[in-house]
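Observations on the model geometry
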Amino acid sequence: MAVMANSKDAKNSMDTSKYVRYTSEQVEALERVYSECPKPSSLRRQQLIRECPILSNIEPKQIKVWFQNRRCREKQRKEASRLQTVNRKLTAMNKLLMEENDRLQKQVSQLVYENGYMRQQLQNASVAATDTSCESVVTSGQHQHNPTPQHPPRDASPAGLLSIAEETLAEFLSKAKGAAVDWVQMPGMKPGPDSIGIVAISNTCNGVAARACGLVGLDPTKVAEILKDRPSWLRDCRCLDVLTAFPTGNGGTIELLYMQTYAATTLASARDFWTLRYTTVLEDGSLVVCERSLSGTQGGPSIPPVQHFVRAEMLPSGYLIQPCEGGGSIIRIVDHMDLEPWSVPEVLRPLYESSTVLAQKMTIAALRRLRQIAQEATGEVVFGWGRQPAVLRTFSQRLSRGFNEAVNGFTDDGWSLMGSDGVEDVTIAVNSSPNKHFASQVNASNGLTTLGGGILCAKASMLLQNVPPALLVRFLREHRSEWADSNIDAYSAAALKASPYSVPGSRAGGFSGSQVILPLAHTVEHEEFLEVIKLEGHGLTQEEAVLSRDMFLLQLCSGIDENAAGACAELVFAPIDESFADDAPLLPSGFRVIPLESRTDGSGGPNRTLDLASALEVGSAGTRTPGDSGTNSNLRSVLTIAFQFTYESHLRENVAAMARQYVRSVVASVQRVAMALAPSRLNSHVGPRPPPGTPEALTLARWICQSYRLHIGVDLFRADCEASESVLKLLWHHSDAIMCCSVKSLPVFTFANQAGLDMLETTLVALQDISLDKILDENGRKSFFTDYGQIIQQGYAYLPAGICLSSMGRPASYDRAIAWKVLNDEDNTHCIVFMFMNWSFM
């Protein structure tokens, strides 16, 4: 009985030890430790028991369980918070969609009514009158539908301006709620919880107009503050000056603004606006910021025209910001402008008559900026190199602004034109006041402003046919060797040093080193990238290359999504030194490609590999497909190139000659690439690309499969597949990444299938610039060099799972790999093949 009693007491003791009731002091002590270290080690828990007497009666195992439960509760809390946030977003988005659906239903009803009315009028007119009277009825009906508003004249007094402001508010609210303008959904913009918002463009209206509805995680006051600071998010905005501001009796504010915007190309003049902006709060608590131009028809004050600017008109536009239940805001944006397209060459008028272009440049840009700042505030956006988001945004703005200043060359910034050499294809502008030019960027003692000369810009614009802007800019970004000259790069980098190089001679495509793209930041939707480009092996002479081997560029790339209708694609870069200070001077150069007409076909996609090996070589028409010709025949775009250089006064003419020659060589290179990218030479249908059909490729594919069978003992493809399809086609479309590299002391790649090119993020053109050691990590290199002898002697070797780096620096993991030696018809070693199985980007 005693034994049984002791056993029962022990069992009760074990049961009670499973459940520990903590006092408030014990919980407080544990919480303090949890805030410092959520997952303490065993030693740390034992130390905690020794240091805190109030925890001495608790077993270490129970403390371990407490921390496990605490981490679980924290995880559940975060997940619940995330789900509540998603639910709020979905609820708000559902409200927006319901309102948009109601608007469309009313629009459909109105159109049905008008259609029936017009039918009845036509029938009555055909019976009772002649054709001319019928036409008169139809015309009068249309004029009744769109009456021209008549405004009484008003003066510049506060009462007169308030009258204009109230009228602007009423017209803006009508547009924001879906009336007054015939809105249609913008191509390629589908609403959803993860989309930027609901975006629509005008179908028929005076000028160009765009409307957007979206949800942002910022309060209305912050949203209004960001949007009113237009130069911070509108890249085309040169300046925005508030000339007059005064409060109104209803608690609002009226401001008179003068805004200047950049011209997108060298072929058109810049625009400016003279507007009234009205900020007020509606009865339902919504915040409204509306704006319109002041002109003779509305009355009010006026300002004289400004030289080199065309006065454009802003029709009632603005922002309707409603507070959202649970935090955040629902915002409606309306942009409506008349950009005076008559003042530009006819070929450029689609750029000024396209509501899609306006939506991309202004409306969507505003929503993206709000979304970016909201996600930065929550810590969801990760930035590299320890830089704060505001600093990185400033770098992007400075690159874009510097490029716009170079393209426009305003006289009030100190720019003046140089005489030409008899050919008008390249324009040379000089700025002999770099202190004035860089006043907004750096201190007078920094970098570029210490030169005894100034800045020179060589720029040109040209029309491109049948080449997608996004595809061209992607190629220019990924394959600098096709157009850049390392001598010119080195000269530009020397401006950051105390002793600049002498003026070099340019040679197209003279890029002697390789480039490494180091990601720095990107926007939420990845439509814009800020990155550092490391150019290896630069220097004008061998001695200089040894002293300064690497060069760095700060680069901004945007608009490389081929499916974004009306989007401008840009590649802007500026040399920087290794210190990369926040106030480093920047002298941007680059490319801008603007579509002149909306894309109507579905050729290609953003993930299409730039397979230009056949297109850039003469006599390779075998890669064309029958459906290539005639596709995208109406796709036109304008390319603007601007390159900036520093000069010393006594070398100005020499630098101008060098810059002119270099830009011409770059134009020639870009034209060659554009011709290769055109759908008439590049397969433009959606789907897998065909393999290169050269005899050498067919022979290599046969050798690869024969050697695999010889060394491994099995076929690379099924026998029935080989009978029905060519070996090269099977190899090209194989799901695993297959790559050939040379048998040298430093192996370089010579061929890859489609999956291999996707894994390396390169093309057959640039493949030979990539060496094997560049893509393998340290473990992969050790494994390869260990097994290299086995590959040569035995003919093959299996490699363990590992990680590769693409040419863009992205890591890609693979489950396993196999390498085998490829023998030619004479049984001599031709190359080594690697097959990476089940690879994916990390």
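Residues numbered from 1 in each chain as written. Predicted model: local features only at pLDDT ≥ 70, side-chain atom pairs only at ≥ 80, totals over all residues. Heavy atoms only, no water.

Take the overall build of the protein next. Helices and strands together make up the secondary structure of the protein, namely 21 helices and 28 strands. Expressed as a percentage of its 842 residues, the buried residues of the protein come to 51%. Contacts spanning at least 24 positions in sequence make up 66% of the contacts within the protein whose residues lie at least 6 apart. Accessible area of the protein: about 39,600 Å², with a carbon and sulfur share of 53%. (Helix = DSSP H or I, 4+ residues; strand = E, 2+ residues; numbered from the N terminus. Buried < 20%, exposed > 50% of the residue type's maximum accessible area, 1.4 Å probe, protein only. Contact = heavy atoms within 4.5 Å. Areas by Shrake-Rupley, 256 points an atom, 1.4 Å probe, with all protein chains shown as cover.)

A separate point is the pairing of strand β18 (residues 569-576). Burial runs high along β18: eight of the eight residues are buried. Here strand β17 (residues 550-558) pairs with β18 via seven bridges, running antiparallel. Among the inter-strand pairings, Leu-554 is bridged to a residue of β18, identified as Ala-574. In terms of strand pairing, β18 meets strand β19 (residues 589-595) through five bridges, oriented antiparallel. Bridging across to β19, Val-572 finds its partner in Gly-590. (Pairing = 2+ DSSP bridges.)

Now for the sheet that holds β19. Strand order in this open sheet of nine strands is β12-β13-β14-β20-β19-β18-β17-β16-β15, and the pairing throughout is antiparallel. Taken across any chain shown, the strands that pair with only one partner, and hence form the sheet edges, are β12 (415-417) and β15 (515-522). Taking the axes of each pair of neighbouring strands and ignoring which way they run, one obtains an average angle of 20° across the sheet. Across the sheet, helix α12 (residues 469-478) is in contact with β14 (454-465), β15, β16 (528-536), β17, β18, β19 and β20 (636-647); its angle to β18 comes to roughly 20°. Helix α15 (residues 652-677) contacts β13 (427-431), β14, β19 and β20 of the sheet and is inclined by roughly 150° relative to β20. (Axes fitted to C-alpha atoms, helices over the stretch in contact; angles between N-to-C directions.)

For the coordinates displayed, the defined rule picks out six cavities of 30 Å³ or more. What lines the largest cavity is a set of 19 residues, and nearest its centre among them are Asp-236, Thr-261, Tyr-262, Leu-339 and Lys-361. Among the secondary structure elements, those contributing two or more residues to the lining of the largest cavity are β5 (253-261), β6 (270-281), α8 (349-352) and α9 (355-377). Top element by residues in the lining of the largest cavity is α9. It accounts for four residues. Per-class residue counts for the lining of the largest cavity are 13 nonpolar, three polar and three charged. (1 Å grid on protein atoms, 1.4 Å probe; cavity = no way out; pocket = protein on both sides within 12 Å on 5 of 7 lines; lining within 4 Å. Points joined across faces, edges and corners; volume = space filled by probe spheres on them. Nonpolar A, V, L, I, M, F, W, Y, C, P; charged D, E, K, R; others polar.)

This paragraph deals with the pattern of salt bridges. Counted by the stated rule, this structure contains 26 salt bridges. With a shortest N-O distance of 2.9 Å, Arg-70 and Glu-31 are connected by a salt bridge. Remark: Glu-31 occurs in helix α2 (residues 24-36) and Arg-70 occurs in helix α4 (residues 60-128); sequence separation between them is 39 residues. The class for Glu-31 is partly exposed, based on a relative accessible area of 26%. (Salt bridge = Lys/Arg side-chain N within 4 Å of Asp/Glu carboxyl O.)

Take the sheet that holds strand β24 (residues 802-805) next. Judged by pairing direction, the sheet is antiparallel, and its three strands sit side by side in the order β24-β25-β28 without closing on themselves. The open sheet has two edge strands with one neighbour each: β24 and β28 (840-841). Pairing geometry for β24 and strand β25 (residues 811-814), over four bridges, is antiparallel. Its bridge partner being in β25, Ile-803 is matched across the sheet by Ser-813.

Checked against the element boundaries, Tyr-22 lands in the loop between α1 (2-17) and α2. For Tyr-22 and Ile-54, which are 32 residues apart along the polypeptide, the C-alpha to C-alpha distance reads 9.9 Å. Excluding its chain neighbours within four sequence positions, the residues that come into contact with Tyr-22 are Val-27, Leu-30, Ile-58, Gln-62, Ile-63 and Trp-66. Polar contacts involving the side chain of Tyr-22 include one to the main-chain carbonyl oxygen of Gln-62, which spans 3.3 Å. (Polar contact = N/O pair within 3.5 Å; in protein donor to acceptor, adjacent residues only side chain to side chain.)

Interhelical geometry of α12 versus α15 gives an angle of 125° and a closest axis separation of 10 Å. By the criterion of interaxial angle, the relationship of α12 to α15 is oblique. Two packed elements cross with a definite hand, and for α12 against α15 that hand is right-handed. Across from Leu-471, Leu-472, Phe-475 and Leu-476 in α12, the residues of α15 making contact are Val-670, Val-673 and Leu-677. When its residues are assigned to classes, the contact of α12 with α15 shows seven nonpolar, no polar and no charged. (Parallel < 35°, antiparallel > 145°, perpendicular 65-115°, else oblique. Left-handed = near helix turned anticlockwise from the far one by under 90°.)

Per-residue pLDDT for the protein has a mean of 78; in total, 78% of the residues score no lower than 70. With pLDDT under 50 throughout, residues 131-149 is counted as low confidence; its partners more than four residues away or in other chains account for six contacts. Here residues 538-548 scores under 50 on pLDDT; set against residues more than four positions off or in separate chains, the count is 16 contacts. (pLDDT = per-residue confidence, 0-100.)

What follows deals with helix α7 (residues 220-228). Looking only at α7, the buried set comprises Pro-220, Val-223, Ala-224, Ile-226 and Leu-227. Take α7 and look down its axis: the buried residues cluster within an arc of 165°, on one side only. More than 90 degrees from the buried face of α7, the exposed residues found are Thr-221 and Glu-225. (Arc of directions from axis to C-beta.)

The subject of this paragraph is the side chain of Ser-329. The topology assignment puts Ser-329 in strand β11 (residues 329-338). Here Leu-218 takes part through its backbone oxygen, which lies 2.5 Å from a polar atom of the side chain of Ser-329. Ignoring anything within four residues of it in the chain, the contact list for Ser-329 reads Gly-214, Leu-215, Val-216, Leu-218, Asp-219, Pro-220, Val-223, Ile-321, Gln-322 and Cys-324.

Scanning the model with the defined rule gives 16 aromatic pairs in all. Geometry around Phe-529 places Arg-477 over its ring, the cationic atom sitting 5.4 Å from the centre. For Arg-480, the ring lying beneath its charged end belongs to Phe-573, and the centroid distance is 4.8 Å. (Phe/Tyr/Trp six-rings, centres within 6.5 Å; stacked < 30°, edge-to-face > 60°. Lys NZ or Arg CZ within 6 Å of the ring centre and 35° of its normal.)

Turning our eyes to something else, we now look at the side chain of His-711. Here His-711 shows up in helix α16 (residues 695-712). Residue His-711 is classed as buried on the basis of its relative accessible area of 15%. Sequence-distant contacts of His-711, that is, excluding residues within four places in its chain, are made with Gln-794, Gly-795, Tyr-796, Trp-820, Lys-821 and Leu-823.

Right, let's talk about the packing of α9 against helix α10 (residues 389-408) for a bit. Taken N-terminus to C-terminus, the directions of α9 and α10 make an angle of 155°; their axes are 11 Å apart at the nearest point. By the criterion of interaxial angle, the relationship of α9 to α10 is roughly antiparallel. Across the interface between the two elements, Arg-369, Ile-373 and Glu-376 of α9 pack against Pro-389, Arg-393 and Gln-397 of α10. Looking at side-chain class alone, the contact of α9 with α10 contains two nonpolar, one polar and three charged residues.

Turning our eyes to something else, we now look at the environment of Phe-172. Mapped onto the elements of the fold, Phe-172 is located in helix α6 (residues 158-176). Exposure remark for Phe-172: the relative accessible area of 0% places this residue in the buried category. Counting along the chain gives 146 residues from Phe-172 to Gly-318, while the straight-line C-alpha distance between them is 6.8 Å. In this structure Phe-172 touches Val-288, Cys-290, Pro-316, Ser-317, Gly-318, Tyr-319, Leu-320, Arg-332 and Val-334, once residues within four positions along its chain are discounted.

Turning next to α2. Under the 1.5 Å per step criterion, the end-to-end length of α2 is 19 Å for 13 residues, consistent within 8% with the ideal 18 Å. Taken together, the buried positions of α2 are occupied by Gln-26, Ala-29, Leu-30, Val-33 and Tyr-34. Seen along its axis, α2 keeps its buried residues to an arc of 140°; they face one direction. Residues Ser-24, Ser-35 and Glu-36 are exposed on α2 and point more than 90 degrees away from its buried face. (Expected span 1.5 Å × (residues − 1).)

Phi at Asp-827 is positive, roughly 65°, even though this residue is not glycine. Examined against the element boundaries, Asp-827 turns out to sit in the loop between β26 (816-823) and β27 (829-837). The class of Asp-827 is exposed, set by a relative accessible area of 57%. You will see that Asn-838, though not glycine, has its phi angle at about 55°, which is positive. Checked against the element boundaries, Asn-838 lands in the loop between β27 and β28.

For Ser-302, the location among the structural elements is in the loop between β7 (287-293) and β8 (309-311). The exposed category is assigned to Ser-302, whose relative accessible area is 63%. Sequence separation of Ser-302 and Trp-274 is 28 residues, and the distance between their C-alpha atoms is 7.7 Å.

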